Every structure is written in C-alpha cells, then in structure tokens.
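Residue-level structural notes
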Amino acid sequence: MLGEVDSAIMDINVAGYRSDLFNDSWCTVDKVISYPFSVGAAVNHNADKLERLFRVYLKENQAIVTEFAQNVREKNATQKQVK
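Keep in mind it's a predicted model, so treat the numbers as computed, not measured. (Residues numbered from 1 in each chain as written. Predicted model: local features only at pLDDT ≥ 70, side-chain atom pairs only at ≥ 80, totals over all residues. Heavy atoms only, no water.)

What about the overall build of the protein?
Looking only at helices and strands, the protein has 3 helices and 2 strands in total. Reading the secondary structure of the protein in the N-to-C direction produces β-α-β-α-α. When burial is assessed residue by residue, the protein has 7% of its 83 residues classed as buried. Sequence-distant contacts in the protein: of pairs separated by 6 or more residues, those separated by 24 or more amount to 82%. (Helix = DSSP H or I, 4+ residues; strand = E, 2+ residues; numbered from the N terminus. Buried < 20%, exposed > 50% of the residue type's maximum accessible area, 1.4 Å probe, protein only. Contact = heavy atoms within 4.5 Å.)

A short note on the environment of Phe22
Topologically, Phe22 is positioned in the loop between helix H1 (12–17) and strand S2 (41–43). Setting aside chain neighbours within four positions, we find Phe22 in contact with Met10, Val14, Ala15 and Cys27.

A short note on the pattern of salt bridges
Between side chains of opposite charge, pairing is possible as soon as their charged atoms come close. The tally for this structure, following the rule as stated, stands at 1 salt bridge. For the salt bridge of Glu51 with Arg55, the shortest nitrogen-to-oxygen distance reads 3.0 Å. Of the two residues, Glu51 and Arg55 are both situated in helix H2 (residues 48–60); the distance of 4 residues between them amounts to about one turn of the helix. (Salt bridge = Lys/Arg side-chain N within 4 Å of Asp/Glu carboxyl O.)

A word on the environment of Asp6
On the secondary structure map, Asp6 appears in the segment before strand S1 (8–10). Owing to a relative accessible area of 57%, Asp6 belongs among the exposed residues under this scheme. Linking Asp6 and His45, residues 39 residues apart in sequence, is a C-alpha distance of 8.0 Å.

Right under this line is the structure:
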C-alpha cells in the first residue's frame, strides 16, 4: 500500500531513547542483529513522507540529537576502557 512502511532497521539506542515512538502495537521486533555500533535508520519502499518527517525532527531538535550522540560516544568510550 502506498505511503506505508513495512520494515525498518533501527539502532537500539535510538529506539530506547525515543521509546515513546515505538511502544505501541504497530511496531514489532522481527529480528535483532548483533553488529558493531552504528547510528541511523533505514527504510524501504515509499517512505518519502517518513524521510521528510525525520529531517524536520532532526532540524528542529538538533540539540537533543547532538546530546544523544555525545552520550552514546562517551558511553562507548567508557565501555572500551573497561574491556
């Protein structure tokens, strides 16, 4: 169906940080992929509207996104030091 997203790859940190966006029955986890850390999201098919909404959100919330990225970077650096 046009305008619907049938799958997405979402970084667990983003999903956890914005759990208010992903805590409803419309979103289910099909598979967890163990892979080195990365940040972002990928969507397929006709996701133009979703992409625009992501871009608007990122532009309007730069401080939140930057703070989140810094926290993740610091957490990863601390975990590497512990190992």
